Amino acid sequence: MQTGTVKFYNESKGFGFIVDDATGQDIFVHVTGLNGLQIRQNDRVSYETISGKKGVNAVNVKKLA
């Protein structure tokens with residue numbers, strides 16, 4: 001699992017970005033990858049990635065303590 005920090009998340013639109021700790025890359029996250037989890041800016045998270053239509057997407061997102 002990769003780790004990162006939520007850079008931005010728009011709850012009403014259902015998407016945002018996570019900054020990957022290892023690479024500094026912005027990873028797209030969609031509400032469907034959250035499994036009912038609510039995330040906010042600056043939350044620390046772990047996640048897996050898959051290839052999406054427009055690039056890398058975060059899935060199986062979980063908050064870190």
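A few points on the structure. As the structure is a prediction and not an experimental result, all values here were calculated from the model.

About the thresholds
Residues numbered from 1 in each chain as written. Predicted model: local features only at pLDDT ≥ 70, side-chain atom pairs only at ≥ 80, totals over all residues. Heavy atoms only, no water. Helix = DSSP H or I, 4+ residues; strand = E, 2+ residues; numbered from the N terminus. Rg over C-alpha atoms; globule rule 2.2 N^0.38 Å. Buried < 20%, exposed > 50% of the residue type's maximum accessible area, 1.4 Å probe, protein only. Contact = heavy atoms within 4.5 Å. Areas by Shrake-Rupley, 256 points an atom, 1.4 Å probe, with all protein chains shown as cover. Salt bridge = Lys/Arg side-chain N within 4 Å of Asp/Glu carboxyl O.

### A look at the overall build of the chain
The helix and strand inventory of the chain stands at 0 helices and 5 strands. Reading the chain from its N terminus to its C terminus gives the helix and strand order β-β-β-β-β. Relative to the globule expectation of 11 Å for 65 residues, the C-alpha radius of gyration of the chain, 10 Å, shows essentially globular dimensions. In terms of overall dimensions, the chain has a C-alpha envelope of 30 × 30 × 15 Å along the principal axes. Out of the 65 residues in the chain, the part that is buried amounts to 29%. Contacts in the chain between residues far apart in sequence, at least 24 positions, make up 42% of those at least 6 positions apart. Within the structure as shown, the chain displays about 4300 Å² of accessible surface, and the carbon and sulfur contribution to it stands at 50%.

### Focus: the environment of Val6
Following the sequence through the fold, Val6 ends up in strand β1 (residues 2-10). Residue classification places Val6 among the buried residues on the basis of a relative accessible area of 1%. Through-space distance from the C-alpha of Val6 to that of Lys62 is 11 Å; in sequence the pair is 56 residues apart. Beyond its immediate chain neighbours, meaning those up to four positions away, Val6 contacts Phe17, Ile18, Ile39, Arg40, Gln41, Asn42, Asp43 and Val45.

### Looking at the pattern of salt bridges
Side-chain pairing between opposite charges can occur once the charged atoms of the two side chains come close. One pass over the structure, following the stated rule, counts 3 salt bridges. Between Lys7 and Asp26 there is a salt bridge, with the nearest N and O atoms lying 2.9 Å from each other. A residue pair is termed long-range when its members are at least 10 positions apart, and Lys7 in strand β1 and Asp26 in strand β3 (residues 26-30) qualify at 19 residues. Judged by its relative accessible area of 35%, Asp26 is partly exposed. The salt bridge partner of Asp21 is Arg44, with a shortest N-O separation of 2.9 Å. Residue Asp21 is found in the loop between β2 (15-20) and β3, and its partner Arg44 is found in strand β4 (residues 44-52); the two are separated by 23 residues along the sequence. Owing to a relative accessible area of 34%, Arg44 belongs among the partly exposed residues under this scheme.

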